[in-house]
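# Observations on chain architecture
The lines below spell out each chain.
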Amino acid sequence: MSQPIYDDENIFAKILRGEIPCNKVDECDHTLSFHDIQPQAPVHVLVIPKGPYVNMTDFSEKAPPEAQAAYIAALGRVAKMVGVAEDGYRLIANTGTNGHQDVPHLHVHIMGGQPLGRMMPSAH
Ligand code: 5GP
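Numbers given to residues run from 1 along each chain, matching the order in which its sequence is written. Only residues with pLDDT of at least 70 get local features here, since the model is predicted, and only at 80 or more are side-chain atom pairs given and counted; chain-wide, interface and lining totals rely on the full set of residues. Only hydrogens and water are removed before side-chain values are computed, so all heavy atoms of the structure are retained for them.

### Some remarks on the overall build of the chain
- Check the secondary structure of the chain and you find three helices and five strands.
- Taken over C-alpha atoms, the radius of gyration is set against a globule rule of 2.2 Å times the number of residues to the power 0.38. Its C-alpha atoms give the chain a radius of gyration of 14 Å, within 12% of the compact-globule value 14 Å for 124 residues.
- With the C-alpha coordinates of the chain rotated into their principal frame, the extents come out at 35 × 30 × 30 Å.
- Between buried and exposed lies partly exposed: a residue is buried under 20% and exposed over 50% of the maximum accessible area for its type, with that area taken using a 1.4 Å probe on protein chains only. Taken across its 124 residues, the chain has 38% of its residues classed as buried.
- Contacts: residue pairs with any heavy atoms within 4.5 Å of one another. For the chain, restricting intrachain contacts to residue pairs at least 6 apart in sequence, the fraction spanning at least 24 positions comes to 56%.
- In the structure as shown, the chain presents an accessible area of about 7,700 Å², 54% of it carried by carbon and sulfur atoms. Each helix is a run of H or I in the DSSP string that is no shorter than four residues. Each strand is a run of E no shorter than two, and both are numbered from the N terminus. The Shrake-Rupley method, run with a 1.4 Å probe sphere, supplies the accessible areas, and residue values consider only the shown protein chains as cover.

Written out as structure tokens, the structure is:
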């Protein structure tokens with residue numbers, strides 16, 4: 001299935017262009033990481049690629065290998081930086097309609113700082 005067209009006016013594109021502020025945690029040539037504006041855990045950080053990718057499917061198909069490697073490296077680096085690596089954390093990449101993705105620019109949530117329970121509350 002083809003990916004949706006990237007929308008330059010999404011909120012994370014505006015953050016990347018510096019049009020709206022963010023509370024930055026980390027930045028490299030390929031990624032930007034910042035605190036979620038409505039944290040759902042004591043630690044809740046978003047890691048985004050600087051390139052225009054709608055979601056992980058889009059990113060994995062189109063991003064150059066160095067951008068993909070940098071993105072994975074950023075996830076691990078930022079988890080350590082925000083202090084959740086030792087006790088554990090959760091990575092979430094909501095994708096598309098069924099994944100309930102609100103912002104159409106790839107982002108992985110890093111959440112931690114307390115026990116997070118089962119992944120899906122209704123799952124056995
Ligand atoms: P999604 O539902 O797309 O996986 O998550 C989008 C996330 O982006 C939400 O957790 C929401 O709180 C966060 N968010 C939306 N707008 C902003 C913003 O302007 N700044 C920051 N830092 N986070 C935002």
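The rest of the description comes next.
### Describing the nonpolar core
- Formed by 18 residues in total, the largest nonpolar core has its most connected members in Val45, Val47, Val78 and Val82.
- Mapped onto this core, the elements with two or more residues apiece are strand 3 (43-49), helix 3 (65-81) and strand 5 (108-112).
- Ranked by residues supplied to this core, first place goes to helix 3 with six residues.
- Among residues more than four places away in sequence, those in contact with Val45 are Val25, Ser33, Phe34, His35, Asp36, Val78, Val82, Val108, His109 and Ile110.
- Counting residues in each nonpolar core, the second largest holds seven residues, with Phe12, Ile15, Ile48 and Val103 among its members. In plain words, nonpolar cores are sets of buried Ala, Val, Leu, Ile, Met, Phe, Trp, Tyr and Cys residues tied together by side-chain atoms within 4.5 Å.

### A word on the pairing of strand 5
- Buried residues dominate strand 5, accounting for five of its five residues.
- Neither face of strand 5 is open: one carries Val108, Ile110 and Gly112, the other His109 and Met111, and all of them are buried.
- Pairs of strands are assigned from DSSP output, requiring at least two bridges between the strands. Bridging between strand 3 and strand 5 involves five bridges; their strand directions are antiparallel. Looking at the pairing, His44 lines up with Met111 of strand 5.
- Two elements, strand 4 (residues 89-92) and strand 5, share four bridges in a ladder whose sense is antiparallel. Each residue of the ladder has a partner; that of Ile92, found in strand 5, is His109.

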